[in-house]
Amino acid sequence: MSARDANPVLPPATVGIVGGGQLGWLMAGAAGRLGYDTVVLDPDPGCTATRTATAHIVADFRDPDALADLASRCDLLLLDNEHIPGGPLAEIAAHTPVYPAPAALLRIQDRLEQRRMLSELDVPQSPYHAVGDDDELAAAMRADLFPGVLKSRRGGYDGRGQVRVAAAGDLPEAWAALDRRPAVLERWIDFEREISLILVRGHDGEVVFFPPLWNRHRDGVLARTEVPAPIADEVTAAGRELVRTMAAALDYVGVFTVEFFLRPDGELLVNEIAPRVHNSGHVTLDACATSQFEQQVRAACGLPLGSCELRHDAVMYNLLGDLWEAGEPDFTPLLAIPDTRLYLYRKSPRPGRKMGHVVTRLAHDERLARALDDLRPPPARAAGGCA
Ligand SMILES: Nc1ncnc2c1ncn2[C@@H]1O[C@H](COP(=O)(O)OP(=O)(O)OP(=O)(O)O)[C@@H](O)[C@H]1O
Ligand SMILES: [Mg+2]
């Protein structure tokens, strides 16, 4: 289905999902409730999405034959993450629609290309310099970008593939730590808050926005999201205008997320774009009339977009592998808090790995935060709070 094609893909059609992580799991759940069958492609036979998908192809999503097999069984494809190689997907998209479209994906999955696009669109962003060879390294060392952070152009998530750089003299070592992979150096931004804005865009260009989300990270990993973000309406409006411009420039269909730094003077700078449902948007499962996962299915299939209306103020905490240090945690105290929902991904625990999340009404935030703190091993408990 092209961006202008109005023919919807109606249930009982089959939606394919490339990648079977928690985003795939929740998208497959939303698609299933709407009456679609789902097929997930993931190399792990026990991946999270198998628990909601109708069928599973156990193969690497970088394998062109496996992708072709998936496409042959599906009416359209969704992506679980933005690191799926855009080239093979472009070939698939010639006969089976892929959301996000590979052309948009190719620009966004490369941090430098993404930033060039933002420059072309005059969208404010943190200052940066490419680091891809020795000449660029020398030029970046002369730039006014310190203290900064060096980020790999491709493949990073949850702060992986990033090295903090205090001063110009530390840059060569930081680049060596990234195995001299193509990278982007950014200035470290002094921000008041981090927010994300999630847009949904239909085939006809119709756009709806979720309420703004306030995100707090710890060690580069999202720890807590609160909705609505406590920011001025004018800031939200200005940010939405930027997001709308970016999505329109890409002729984007589906859920599109932009992470921003809000500076103390009210200026918004783009941190990065995620061409997909977003971790901060997990809170929409409970807080909004339609979740971001259902919106992704609706937009891609050409169904009417749902309402993003906020039903109640809410907060979401990620559950990281550290909580599993002494075995499976006992979540009973969390479950005793009214209006609290627990989502467990059933992945094998590793420190820092996202293992689940929990959402509650903002009114129960303190109680939930205390219950979570009680689950942490004692030394981590002393470190407490969010960055
Ligand atoms: N230039 C910067 N200035 C200040 N803080 C930063 C900067 N870059 C990153 N951070 C902090 O680190 C977090 C993770 O960075 P970023 O969003 O680039 O990582 P990522 O690995 O792409 O993460 P994900 O895809 O999981 O959002 C940011 O949300 C922010 O808290
Ligand atoms: Mg990020």
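Here, every reference points to the structure presented above.
Anyway, here's the lowdown on the structure attached to this text. (Residues numbered from 1 in each chain as written. Chains lettered and ligands numbered in written order. Predicted model: local features only at pLDDT ≥ 70, side-chain atom pairs only at ≥ 80, totals over all residues. Heavy atoms only, no water.)

1. Regarding the environment of V359
Now for step 1: Residue placement: V359 occurs in strand β18 (residues 354-361).
Now for step 2: With a relative accessible area of 1%, V359 lands in the buried category.
Now for step 3: Between the alpha carbons of V359 and S119 there is a distance of 36 Å; along the sequence they are 240 residues apart.
Now for step 4: If we skip the residues at most four places from it in the chain, V359 touches H282, V283, D286, A314, V315, M316, D339, T340, R341 and Y343. (Helix = DSSP H or I, 4+ residues; strand = E, 2+ residues; numbered from the N terminus. Buried < 20%, exposed > 50% of the residue type's maximum accessible area, 1.4 Å probe, protein only. Contact = heavy atoms within 4.5 Å.)

2. Re the site of ligand 1
Now for step 1: As a structural note, the neighbourhood of ligand 1 is formed by 20 residues, with K151, G159, I189, E194 and E272 the closest of them.
Now for step 2: Residue N271 places a side-chain N or O atom 2.9 Å away from an oxygen atom belonging to ligand 1.
Now for step 3: The side chain of E272 places a nitrogen or oxygen atom 2.7 Å from an oxygen atom of ligand 1.
Now for step 4: Relative to its unbound accessible area of 610 Å², ligand 1 is 93% covered by the protein chains.
Now for step 5: Broken down by secondary-structure element, the contributors of at least two residues to the shell around ligand 1 are β7 (148-152), β9 (183-187), β14 (254-262) and β15 (268-274).
Now for step 6: Residues belonging to the shell around ligand 1 are distributed by class as follows: 6 nonpolar, 6 polar and 8 charged. (Near = heavy atom within 4 Å. Polar contact = N/O pair within 3.5 Å; in protein donor to acceptor, adjacent residues only side chain to side chain. Areas by Shrake-Rupley, 256 points an atom, 1.4 Å probe, with all protein chains shown as cover. Nonpolar A, V, L, I, M, F, W, Y, C, P; charged D, E, K, R; others polar.)

3. Description of helix α10 (residues 292-301)
Now for step 1: Across the 10 residues that make up α10, a large majority, 10, are buried.
Now for step 2: The set of residues buried in α10 consists of Q292, F293, E294, Q295, Q296, V297, R298, A299, A300 and C301.

4. Quick notes on the coordination of the magnesium ion (ligand 2)
Now for step 1: In the first shell of the magnesium ion (ligand 2), the protein supplies E259 (OE), E259 (OE) and E272 (OE), at 1.9 to 2.7 Å from the metal. Placement of the pair is E259 in strand β14 and E272 in strand β15, with a sequence separation of 13 residues.
Now for step 2: Here E272 falls in the partly exposed class, since its relative accessible area comes to 22%. (Donors = N, O, S within 2.8 Å, 3.2 Å for Na, K, Ca; no water.)

5. Examining the pairing of strand β2 (residues 37-41)
Now for step 1: The element β2 is extensively covered by neighbouring structure, given that 4 of its 5 residues are classed as buried.
Now for step 2: Two strands pair when backbone bridges link them, and strand β1 (residues 14-18) and β2 are joined in this way by 5 bridges, in the parallel orientation. Bridging across to β2, V18 finds its partner in L41.
Now for step 3: At this point the chain moves from β1, through helix α1 (residues 22-33), to the parallel β2, and the crossover so formed is right-handed.
Now for step 4: By the bridge criterion, 3 bridges tie β2 to strand β3 (residues 55-57) in an arrangement that is parallel. When the sheet's bridge partners are listed, V39 is paired in β3 with A55. (Pairing = 2+ DSSP bridges. Right-handed = clockwise from strand over helix to strand, strands pointing away.)

Don't take any of this as a statement about function, it's just geometry.
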